[in-house]
Structures are given as C-alpha cells and as structure tokens.
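Close look at the chain arrangement
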Amino acid sequence: HAPNGEFGVLDGSTIYNQDIGTPDQFHYDFIVEGTLNLDNSTIEDTTIKGIHKYHNTQNPANDYMNITTSVVKFSNGTGIICNGTEPQIRIEFSKIHSNVGNGINVINGSAPKIKYNNDTFNGGIYNNTHGIYCDATSPEITGNRISSNRRYGIRFNGASSSVVSGNFIAHQGDGGDA
C-alpha cells in the first residue's frame, strides 16, 4: 500500500502472492493512492485484485499511475482497476492476460489512456473474463490487441465520451468482440 502523495517507481520488479491465506472480499495485493510509475515489471499470481488505483484526495497534484512495458497476469480477480475521476492513468506497451476476472476495470468516472498494448510492442490484453470493462467512464482505448477473452473484448456499461480507435479486437468468447 503506497501512502497518499508518495512518489513510487518500480522498475524491473516482480510482485506476486506467496500464499498469504484466504483474503476477505476487500483484499488488494497492490493499492496505489499516491503516484506510481511501474516500468518493465511483473504483477502476477495475486489474490483478488492485482493493482487498484484510487483518487489521491490528500495530494491531487501527485495523482497518477503509469504502467509501461509491464505484465499483469494470473490474478484470481481483476488485473488492474482504475477507480475515480481525478487520477491520470496510462497503461501502455504492456501485457494484461490470464486473469480470472477482467483484465482492466475502468470504474467511477475514471478516464485512463489504455494504449499500444499489442503484440508489436510485446503486449496484448487476452485470456481474461472481459478484456476491458468500463462502467460509467470515459477511457481512451487506442492501438491495442484485445483477443481471446472469455466474454467481451471491451464491455461498456454507461460509458460516455469514450475514444476507441485502431484496436484489433477478435476471437472473444460468448459475449462477442466489443
């Protein structure tokens, strides 16, 4: 848990679960309330939620999260959660795959930039329940490879002002491609 307003950089790191027991429903393996740059790192085998980014109410000027050239995989829940209207969130050039839940949840007015997560740049969003699930949000989803998820590639529920362009979306399960 990164405290409010703290600046964090994880470069070349691995964060994973080492059998910490049965979590309650509010357990998160990695919570970010301040600022985080996650570069060339791996988040894997997490218990319920992989990375959860909240709005930093104590220091809004330092309220962002960048995930680049990283891997988020094997979560027993959602890989990445973008939560709230204020955080500046970028998920780029990464691989989000094989999570029991959704690859990326975008909720509560969040507007992340989810860009260039595709095979060309060592990435992609695949083998999750939904690749990207958006609920009452306005994300920018550009240039991604979103394939082979169990339900939808991108699922919108009350999303407005979203930008979706230049994505390869194919081979989804029973929900369809988008």
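Our subject is the structure listed above.
Keep in mind that this is a model prediction, so the values were computed, not measured.

1. Describing the overall build of the protein chain
Each helix and strand in the protein chain was counted, giving zero helices and 20 strands. Residue burial in the protein chain is summarised as follows: out of 178 residues, 48% are buried. Surface summary for the protein chain: the accessible area is close to 8,000 Å², and the carbon and sulfur share equals 46%.

2. Considerations on unusual backbone geometry
Positive phi outside glycine occurs at Ala136, with the angle close to 60 degrees. Tracing the chain through its elements places Ala136 in the loop between strand S15 (132-135) and strand S16 (140-142).

3. With respect to the pairing of S15
Looking at chain direction, strand S12 (residues 104-107) and S15 are connected through four bridges and run parallel. For Asn105, the partnering residue across the bridge sits in S15 and is Tyr133. Where S15 lies against strand S18 (residues 154-157), four bridges are found, and the strand directions are parallel. What sits directly across from Ile132, in S18, is Ile154.

4. A look at the nonpolar core
For soluble globular proteins, nonpolar side chains are generally found buried alongside one another. Judged by nonpolar contacts, the single largest core of 21 residues is most densely connected at Ile80, Ile91, Ile104, Ile114 and Ile132. The set of elements that each furnish at least two residues to this core consists of strand S4 (35-39), strand S7 (64-68), strand S9 (78-83), strand S10 (88-92), S12 and S15. Beyond its immediate stretch of four places on either side in the chain, Ile132 contacts Ile104, Val106, Ile114, Ile125, Ile141, Ile146, Gly153, Ile154 and Arg155.

5. A look at the side chain of Asn149
For Asn149, the location among the structural elements is in the loop between strand S17 (145-147) and S18. Side-chain polar atoms of Asn149 contact the backbone oxygen of Ile125, separated by 3.4 Å. Leave out the neighbours within four places in its chain, and Asn149 touches Ile125, Tyr126, Asn127, Asn128, Thr129, His130, Gly131, His171, Gln172 and Gly173.

6. Notes on the state of the cysteines
Counted according to the given criterion, the structure contains zero disulfides. Its sulfur unpaired, Cys82 is 9.0 Å from the next cysteine sulfur, which belongs to Cys134. Assessed through its relative accessible area of 0%, Cys82 is described here as buried.

7. Let's talk about the environment of Arg155
Relative to the helices and strands, Arg155 resides in strand S18. Using a relative accessible area of 29% as the deciding quantity, one classes Arg155 as partly exposed. Here the alpha-carbon distance between Arg155 and Cys134, two residues 21 residues apart in the chain, equals 6.0 Å. Those residues in contact with Arg155 that sit more than four places away from it in its chain are His130, Ile132, Tyr133 and Cys134.

What counts as what
- Residues numbered from 1 in each chain as written.
- Predicted model: local features only at pLDDT ≥ 70, side-chain atom pairs only at ≥ 80, totals over all residues.
- Heavy atoms only, no water.
- Helix = DSSP H or I, 4+ residues; strand = E, 2+ residues; numbered from the N terminus.
- Buried < 20%, exposed > 50% of the residue type's maximum accessible area, 1.4 Å probe, protein only.
- Areas by Shrake-Rupley, 256 points an atom, 1.4 Å probe, with all protein chains shown as cover.
- Pairing = 2+ DSSP bridges.
- Core = buried A, V, L, I, M, F, W, Y, C linked by side-chain atoms within 4.5 Å.
- Contact = heavy atoms within 4.5 Å.
- Polar contact = N/O pair within 3.5 Å; in protein donor to acceptor, adjacent residues only side chain to side chain.
- Disulfide = S-S within 2.5 Å.

Everything listed here is a matter of geometry and, on its own, says nothing about what the molecule does.
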